[in-house]
Amino acid sequence: FEVVDCRPLTYPRVSFNSHITLDAKNPHEMVQRDAFNAMVSAQGGILQLSCGRGKTVIALAVIAHLQVPALIVVDNTQLLGQWRNEIKKFLGLRDEDIGMLGDGSFDWKKPVVLAMYQTLAQKSASFPQEIRRWFGVTIWDEAHHVAAPTFSRSVDMFYGRRYGLTATPDRIDGMNVVYEMHLGPVLYKNLTQNLKPEIYFVWTGMKVDPKDMQVRPLVCDKNGELHLGKLA
C-alpha cells in the first residue's frame, strides 16, 4: 500500500523573547552550544547530560529557536514549578502564557504547555487531534520514565519534533529501546562534572540505638528500617 504521511507540515508561529546565553557560566566550554546544535539538527533524540549541566536551559533555547508551540512533559509537581520558573526567566513569558495539562487543568492553546506523564497516559486513547497537532516540539524531562508501560503511551501522541532529557538513558531492564524507538538515539552525551566534591567522614561521638523502643519511632520508617532523613 502507498504510504500517505498525514502529519502536519506546519505549526503556529510563536515569537519568544529569549534571554538565553548558552555556556554563560563556562564560556570556555562548548557543551551547551554543541548540545543545542545536535538537537536542532535532528528531528528528535535524547540529550544525555550530567546533572547541573543545563538540560533545561538548552531545551528552552531549542524551543526559542524553533518558534513553535512547545509541550514539556514531567513526572512530578516539583518539576512543574521548576520548569515554570525557568520558562518565565529565560523565554520572557508570563504565567498566563504557560498552559497546563494535568493537575485538574486542561489549558493547552498556549506558546508553552506543561503536562504530567500520568495525565497524558490516562487520556492517550481519547486525546483530541486538535491538541496533538498544536505542538511543533515535545520534550520529555527525565525521559528514562518513558520506558514504563503506562508512561510510554504518551510518547507517540504528538507529531512534531520529540526530544528526551535525561542523565541516565540506559536502563538495567533494557527497556530504553522503547523510548529510543519513539524519540530516537542519544544525540549528545557529556557526563563530566566541573565540581568534584571532597568527602570527609568525622566521628561525632554520638550514636543512636534503633532497638531502643523510645528512639525507634524517631529514626525508623513504618517498615522498621533505619530512615536516613529522620536520623539526620
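Look up: the structure comes first, before these words.
Everything in this summary refers to the structure shown in the same document. (Residues numbered from 1 in each chain as written. Predicted model: local features only at pLDDT ≥ 70, side-chain atom pairs only at ≥ 80, totals over all residues. Heavy atoms only, no water.)

Re the packing of helix α2 (residues 55-66) against helix α3 (residues 77-91)
- The N-to-C vectors of α2 and α3 enclose an angle of 55°; their axes lie 11 Å apart at closest approach. When the axis of α2 is compared with that of α3, the two are oblique. Pair α2 / α3 crosses with right-handed handedness. On α3, the residues touching Thr 56, Val 57, Ala 59, Leu 60, Ile 63 and Ala 64 of α2 are Trp 83, Glu 86, Ile 87, Phe 90 and Leu 91.
- In the contact of α2 with α3, the residues fall into nine nonpolar, one polar and one charged. (Axes fitted to C-alpha atoms, helices over the stretch in contact; angles between N-to-C directions. Helix = DSSP H or I, 4+ residues; strand = E, 2+ residues; numbered from the N terminus. Parallel < 35°, antiparallel > 145°, perpendicular 65-115°, else oblique. Left-handed = near helix turned anticlockwise from the far one by under 90°. Contact = heavy atoms within 4.5 Å. Nonpolar A, V, L, I, M, F, W, Y, C, P; charged D, E, K, R; others polar.)

Concerning the environment of Gln 48
- Positionally, Gln 48 belongs in strand β1 (residues 44-49).
- Residue class for Gln 48 comes out buried when judged on its relative accessible area of 5%.
- Between the alpha carbons of Gln 48 and Val 74 there is a distance of 16 Å; along the sequence they are 26 residues apart.
- If near-sequence neighbours (up to four positions away) are discounted, Gln 48 is found in contact with Thr 166, Ala 167, Pro 169, Val 186, Tyr 188, Lys 189, Asn 190 and Leu 191.
- Reaching out from Gln 48, the side chain makes a polar contact with the backbone oxygen of Ala 167 at a distance of 3.3 Å. (Buried < 20%, exposed > 50% of the residue type's maximum accessible area, 1.4 Å probe, protein only. Polar contact = N/O pair within 3.5 Å; in protein donor to acceptor, adjacent residues only side chain to side chain.)

Here's the deal with the pattern of salt bridges
- Taken as a whole, this structure holds eight salt bridges when the rule is applied.
- The residue Glu 29 makes a salt bridge to Arg 53 at a minimum N-O spacing of 2.7 Å. A residue pair is termed long-range when its members are at least 10 positions apart, and Glu 29 in the segment before α1 (31-40) and Arg 53 in the loop between β1 and α2 qualify at 24 residues.
- Here Arg 171 ties to Asp 173 by a salt bridge, and the two come within 2.8 Å at their closest N and O atoms.
- Through salt bridges with shared partners, a single network forms among Arg 84, Lys 88 and Asp 95. (Salt bridge = Lys/Arg side-chain N within 4 Å of Asp/Glu carboxyl O.)

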